[in-house]
Amino acid sequence: MLRFHGAWRITVVGKSADFEQRAVVRGLFGTRVIAGRPGATLVVDEESWTLSLEHLPWGRSWQPNVRTTPGPVSERDGVRSRLLSSSDCHFPGKSPDYVNFAVRLDQVLAPAPVRSSACLPAATQTVRTSSSHSAPTTAVPAQLGTPLRGVPGRPAAPARSARTGWEPGR
């Protein structure tokens, strides 16, 4: 289970599993479930919330996936993105790095503040703009259902919320 803060869009980007998969968000406003179908999406905007990736073994109830690996945080065109990949369970002979299910989280960042140019002559004034409508970064493992290589063993620290300014450890 991973903890997040602020507004993020969660999108299922891949599934290569025999078992049904889902993403479960738990927060102050209750529990929400995203079906494990590529393209399924949910926007969450809460001060603090958790995300877990789960599978449904035949004849049993929903179980947490045995491994969820957060990828690095990337930023592009005002959107912060992070890929989460997971493996539902371990079978004999199955690589421990096998990826069954992947979701991408995207967070629109606050636009950079515009510097005041009131003291500059009109001919030298510049205006900085930032668009929050750009396409998000789409980092996806090379191939679902194969071992994922080069993923750091330690998850990256949670990102600072653009909405609240909260940072972990503060």
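Residues numbered from 1 in each chain as written. Predicted model: local features only at pLDDT ≥ 70, side-chain atom pairs only at ≥ 80, totals over all residues. Heavy atoms only, no water.

**Student:** It is not clear to me how the nonpolar core should be interpreted in this structure. Could you clarify?
**Tutor:** Across soluble globular proteins, nonpolar side chains show a tendency to be buried alongside one another. Residues Phe4, Ile10, Trp49, Leu51, Leu84, Val103 and Leu105 are the most contacted members of the largest nonpolar core, which totals 16 residues. Residue assignment for this core shows that the elements contributing at least two residues are β1 (2–15), β2 (20–27), β4 (41–56) and β8 (101–108). Here Ile10 is in contact with Val25, Ile34, Ala40, Thr41, Leu42, Val44, Trp49, Leu51, Val103, Arg104 and Leu105, once residues within four sequence places are set aside. (Core = buried A, V, L, I, M, F, W, Y, C linked by side-chain atoms within 4.5 Å. Buried < 20%, exposed > 50% of the residue type's maximum accessible area, 1.4 Å probe, protein only. Helix = DSSP H or I, 4+ residues; strand = E, 2+ residues; numbered from the N terminus. Contact = heavy atoms within 4.5 Å.)

**Student:** Whenever I open this one, the pattern of salt bridges confuses me. Can you help?
**Tutor:** Close approach of charged atoms lets side chains of opposite charge pair. Applying the stated criterion across every chain, the model contains seven salt bridges. Two residues, Glu54 and Arg22, come together in a salt bridge whose shortest N-O distance is 2.8 Å. Of this pair, Glu54 sits in strand β4 while Arg22 is found in strand β2, placing the two residues 32 residues apart along the sequence. Comparing Glu54 with Arg22 shows no difference in burial state: the two are buried. Classification of Glu54 by relative accessible area gives buried; the value is 8%. (Salt bridge = Lys/Arg side-chain N within 4 Å of Asp/Glu carboxyl O.)

Function-wise, these values are silent; they only describe arrangement.
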